[in-house]
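The lines below spell out each chain.
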Amino acid sequence: LGSCGHNNTIADSQIPDKVTLTGSVQKGPFIQGSDVQIYPLDATGNNLGSVYNTQTSDNLGNFSTTLAGLAQNYTGNLSLSGNGFFFKEVAGKLSDAQQTLKALYKAEGAAAEIHLNLVTHLSYQRAVALLKGNSDLNASVAQAQNELTTSLNSAGLVYPADATWFGTGMDLFGSNNGANQYLLAVSCAFENAAGSSDSALQDLLNAYQLDLADNGTV
């Protein structure tokens with residue numbers, strides 16, 4: 001994941017007045033009308049006190065919104081949360097309970113594409129903990145994701161050597177590449193492990209996320 005990192009220092013003159021976000025929420029894909037919340041953060045991950053609300057526009061989990069009226073201390077750091085019913089890949093039907101997925105993202109321009117999925121969710125709390133200590137969101141996300149993928153090796157979920165980007169760039173409906181294949185495998189594996197219970201799946205995801213958060217191991 002070393003190539004994920006890059007210089008994310010932005011001069012004040014480069015911070016836009018508004019940011020247009022597009023992306024998706026996918027466990028399987030969340031259905032249309034699912035809620036998405038976006039929270040601007042300061043350099044160490046604290047909420048700046050505002051929240052932007054939008055919804056998915058179709059049954060592929062896609063959403064689009066514009067963040068306007070950004071505060072002067074806006075850093076580009078964002079926390080996103082999606083909540084809704086989703087299509088279950090293993091069972092081949094809609095979920096019986098709603099799911100929540102989260103992601104951290106560094107917006108470095110006036111437009112961004114962000115995908116919320118199991119990779120972003122499972123590594124979320126670990127990335128938040130690292131951000132509080134190093135004030136570098138991209139480095140925090142890269143380390144947390146690397147620790148997540150390492151922890152999943154024992155389950156046979158081996159991260160492709162040529163896949164070096166963030167989970168927010170992984171898309172179940174994107175190109176047929178190693179990173180997107182890995183995301184599908186992780187999604188199916190966790191659903192299968194939870195059996196037929198959607199509430200058990202959320203509990204499993206949250207437990208794994210919190211176990212990873214303190215020291216990067218599970």
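This one's a predicted model, so the numbers in the text were calculated from it and none came from an experiment. (Residues numbered from 1 in each chain as written. Predicted model: local features only at pLDDT ≥ 70, side-chain atom pairs only at ≥ 80, totals over all residues. Heavy atoms only, no water.)

(A) Layout of the packing of aromatic side chains. All chains considered together, the criterion is met by 3 aromatic pairs. Between Phe190 and Tyr208, the aromatic rings sit 5.5 Å apart at their centres with planes inclined by 85 degrees, giving edge-to-face as the arrangement. Residue Phe190 is found in helix H4 (residues 178-194), and its partner Tyr208 is found in helix H5 (residues 198-215); the two are separated by 18 residues along the sequence. Given a relative accessible area of 7%, Phe190 falls into the buried group. (Phe/Tyr/Trp six-rings, centres within 6.5 Å; stacked < 30°, edge-to-face > 60°. Helix = DSSP H or I, 4+ residues; strand = E, 2+ residues; numbered from the N terminus. Buried < 20%, exposed > 50% of the residue type's maximum accessible area, 1.4 Å probe, protein only.)

(B) Structural context of the pairing of strand S5 (residues 77-84). Most of S5 sits inside the fold, with 7 of its 8 residues counted as buried. Where strand S2 (residues 35-40) and S5 come together, 6 bridges link them in antiparallel fashion. The residue of S5 that forms the bridge with Gln37 is Ser81. (Pairing = 2+ DSSP bridges.)

(C) Expanded view of unusual backbone geometry. In the Ramachandran plot, Ser135 falls in the positive-phi region, its phi being about 55 degrees despite a non-glycine side chain. Relative to the elements of secondary structure, Ser135 occurs in the loop between helix H2 (124-134) and helix H3 (137-151). Overall, Ser135 belongs to the partly exposed group, its relative accessible area being 42%.

(D) Region of interest: the sheet that holds strand S9 (residues 111-116). Taken in spatial order, the 3 strands line up as S4-S1-S9 in an open sheet, and their pairing is mixed. Two strands bound the open sheet, and with one partner strand each, they are strand S4 (62-67) and S9. Pairs of neighbouring strands in the sheet enclose a mean axial angle of 20 degrees, with direction left out of account. Bridge analysis of strand S1 (residues 19-25) against S9 gives 6 bridges, and the strand direction is parallel. Each residue of the ladder has a partner; that of Ser24, found in S9, is His115. (Axes fitted to C-alpha atoms, helices over the stretch in contact; angles between N-to-C directions.)

(E) Quick look at H4. Between its terminal C-alpha atoms H4 stretches 24 Å, which fits the 24 Å expected from 17 residues at 1.5 Å a residue. All buried positions along H4 are accounted for by Gly178, Ala179, Asn180, Tyr182, Leu183, Val186, Ser187, Phe190, Glu191 and Ala194. A side-chain oxygen of the first residue of H4 lies 3.3 Å from the backbone nitrogen of Ala179; this N-cap is Asn177. Looking one or two places after H4, you find Gly195, whose phi comes out positive at around 70 degrees. (Expected span 1.5 Å × (residues − 1). Polar contact = N/O pair within 3.5 Å; in protein donor to acceptor, adjacent residues only side chain to side chain.)

(F) View of the pattern of salt bridges. What the rule picks out here adds up to 4 salt bridges. The salt bridge partner of Glu191 is Lys27, with a shortest N-O separation of 3.0 Å. Of this pair, Glu191 sits in helix H4 while Lys27 sits in the loop between S1 and S2, and the two are 164 residues apart along the sequence. Judged on exposure class, the residue Glu191 and its partner Lys27 are both buried. A salt bridge links Asp198 to Lys88; the nearest nitrogen and oxygen atoms lie 2.8 Å apart. Residue Asp198 is located in helix H5, and its partner Lys88 is located in strand S6 (residues 87-88); the two are separated by 110 residues in the primary sequence. (Salt bridge = Lys/Arg side-chain N within 4 Å of Asp/Glu carboxyl O.)

(G) The packing of H2 against H3, seen in detail. It is the contact of H2 with H3, at a shortest axis distance of 8 Å, that shows an interaxial angle of 140 degrees. The angle between the axes of H2 and H3 places the two elements in the oblique class. Handedness of the H2/H3 crossing: right-handed. Touching Arg126, Ala127, Leu130, Leu131 and Asn134 of H2 are Leu137, Ser140, Val141, Gln143, Ala144 and Glu147, all from H3. (Parallel < 35°, antiparallel > 145°, perpendicular 65-115°, else oblique. Left-handed = near helix turned anticlockwise from the far one by under 90°. Contact = heavy atoms within 4.5 Å.)

(H) Representation of the side chain of Gln209. Locating Gln209 in the fold gives a position in helix H5. Side-chain polar atoms of Gln209 contact the backbone oxygen of His121, separated by 2.7 Å.

(I) Region of the structure containing the sheet that holds strand S8 (residues 99-106). An order of S3-S2-S5-S8 is seen for the 4 strands of this open sheet, with the pairing classed as antiparallel. One side of each edge strand has no neighbouring strand; the edge strands of this open sheet are strand S3 (52-55) and S8. With direction set aside, neighbouring strand axes in the sheet form an average angle of 20 degrees. Across the face of the sheet, H2 comes into contact with S5 and S8 while running at roughly 35 degrees to S8.

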